[in-house]
Amino acid sequence: MSSAFNKGLIRKYNTFSASSNMTLTMEQSGSVLFLSSGPTITLPSVTDNAGGNFKFIVTDTTEVTINSTAIGNSTAGDTFECITNGTTWYIIKLNF
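Attention in this report is confined to the structure presented alongside it. (Residues numbered from 1 in each chain as written. Predicted model: local features only at pLDDT ≥ 70, side-chain atom pairs only at ≥ 80, totals over all residues. Heavy atoms only, no water.)

1. Things to note about the sheet that holds strand 7 (residues 69-74)
As a general point, the strands of a sheet are linked pairwise by backbone hydrogen bonds and lie either parallel or antiparallel. Put simply, the test is: Any two strands are treated as partners once DSSP identifies two or more bridges connecting them. In this description a helix means any DSSP run of H or I spanning at least four residues, a strand means any run of E spanning at least two, and both kinds are numbered starting from the N terminus.
Across the sheet, which stays open at both edges, the four strands sit in the order 2-4-6-7 with mixed pairing between neighbours. Both edges of this open sheet fall to strand 2 (22-23) and strand 7, since each of them pairs with a single strand only. Bridge analysis of strand 2 against strand 4 (residues 40-42) gives two bridges, and the strand direction is parallel. Considered in strand 4, the bridge of Met22 is made with Ile41.

2. Some thoughts on unusual backbone geometry
Excluding glycine, residues mostly have negative phi values, and the peptide bonds linking residues are mostly trans. The phi dihedral of Asp48 is positive, around 60°, even though this residue is not glycine. You can see Asp48 is positioned in the loop between strand 4 and strand 5 (53-58). Within the chain, Ser68 stands out as a residue other than glycine whose phi angle is a positive 65°. When you line up the elements, Ser68 lands in the loop between strand 6 (62-66) and strand 7.

Here's what the structure looks like:
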């Protein structure tokens, strides 16, 4: 049976570290960003970009701002996902 699974399937993510303000593009959609030092993240326009998504992982205690929305003080390990339906960006906290 092991011969049927001779190659592992590995999902690789594009990753970025952001400790200063950053403007994202749709070409970066699907990426994971590691945030520190209180950056302001600007997401791409929602128009014609349904399905765009980004994941953010906080690496220290910091104030995170996404598209002018202050997420509040976040601690290391807090994780957020942003997804658009083509009308608005939805910010979802994945761990509580």
